[in-house]
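Residue-level listing of the chains:
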Amino acid sequence: MPKEKSNSKMRGDLSPCDLQTGVRAVHNRFSCPDISRTGIRWIVILLGMASLNLPAIASSAAQTDTGSTLTTKEANKLVQYHNKVRVEVGVGPVKWSPIVATFAQQWANEVARTGEVRHRPREGKWKQKYGENIAWGFGGAHDVLSGAERWYAAIKFYTPGTPIPDSFGNFKAGHYTQMVWKDTTEIGAGKAIIQTGERKGWLVIVCNYNPPGNLIDKKPC
């Protein structure tokens, strides 16, 4: 993962407990408040859920020309939504990258395989090199776009014009600030159905950002 040569600092590693609950959305791996914090919950609990027979949908579903399991329509909507949000703060648009999307899909598949919703690590086989937002949920209303809408909802925690704080554990707006990060020019996303654990059958969405945002002491826009 690239680091700036200036005095700016990138935040350290995130642990699984750093995943944010507001929508069960996990924002950029450079910006993740505590999972115990409350927020808009992105989960619909259905009566009798435990008795449902969930379809066996492989997490490694066939990829499309988007570079991931997202359809072209889903990818276009995600890009359009990001650019709508970015226009609000006067920063340039992002475009879809199949390369970034393939990277995101690989991690979505791994999360689906293990049932562990967490960010890519900083080192090793799954080493992260982009910014990252994650969301997961259950039910027909939960899709790629609704995940992005929940990331945007973190705008209520951001004071315009302020830099990313050094005390990052208390920062709740990282979903949003990554979406509008001025230096980000490409996004790509993947999705998969979690195959095991307490979230079996839930949809996980991983969106990566190139270059990554949420650098400590830097302003997003």
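Refer to the structure presented above.
Residues numbered from 1 in each chain as written. Predicted model: local features only at pLDDT ≥ 70, side-chain atom pairs only at ≥ 80, totals over all residues. Heavy atoms only, no water.

Structural notes on the overall build of the protein chain
Let me state the cut-off plainly: Strands are runs of DSSP state E lasting at least two residues, helices are runs of H or I lasting at least four, and both sets are numbered from the N terminus onward. Working definition: with a 1.4 Å probe on protein chains only, accessible area under 20% of the residue-type maximum means buried, over 50% means exposed, and in between means partly exposed. We call two residues in contact when some of their heavy atoms are within 4.5 Å. For accessible areas, the Shrake-Rupley method is used with a probe of radius 1.4 Å. Any residue's cover is judged against the shown protein chains and nothing else.
Helices and strands together make up the secondary structure of the protein chain, namely 4 helices and 5 strands. Every one of the 221 residues in the protein chain was classed for burial, and the buried ones make up 51%. Residue pairs at least 24 apart in sequence account for 71% of intrachain contacts in the protein chain once pairs closer than 6 positions are excluded. About 10100 Å² of surface is accessible on the protein chain, with carbon and sulfur atoms providing 53% of the total.

Quick notes on the packing of helix α1 (residues 72–88) against helix α3 (residues 144–152)
Here is the rule we go by: To obtain an axis, a line is fitted to C-alpha atoms, over the contacting stretch when the element is a helix, and the angle between two such axes runs from 0 to 180 degrees between their N-to-C directions. An angle below 35 degrees is read as roughly parallel, one above 145 as roughly antiparallel, one from 65 to 115 as roughly perpendicular, and any other as oblique. Should the near helix be turned anticlockwise from the far one by less than a right angle, the crossing is left-handed, and should it be turned clockwise, the crossing is right-handed.
Across the interface, α1 lies against α3 with an axial gap of 9 Å and an inter-helix angle of 20 degrees. Considered as vectors, α1 and α3 are oriented roughly parallel to each other. Two packed elements cross with a definite hand, and for α1 against α3 that hand is right-handed. Residue-level inspection shows E74, K77, L78, Y81, V85 and E88 of α1 in contact with α3, the latter providing V144, L145, A148, E149 and Y152.

What to know about the pattern of salt bridges
Under the convention used in this document: Salt bridge criterion: a side-chain nitrogen from Lys or Arg within 4 Å of a carboxyl oxygen from Asp or Glu.
For the coordinates displayed, the defined rule picks out 4 salt bridges. In this structure, R118 engages E116 in a salt bridge whose closest nitrogen and oxygen atoms are separated by 3.3 Å. Note that E198 is salt-bridged to R199, the shortest N-O span being 3.7 Å. Given a relative accessible area of 13%, R199 falls into the buried group.

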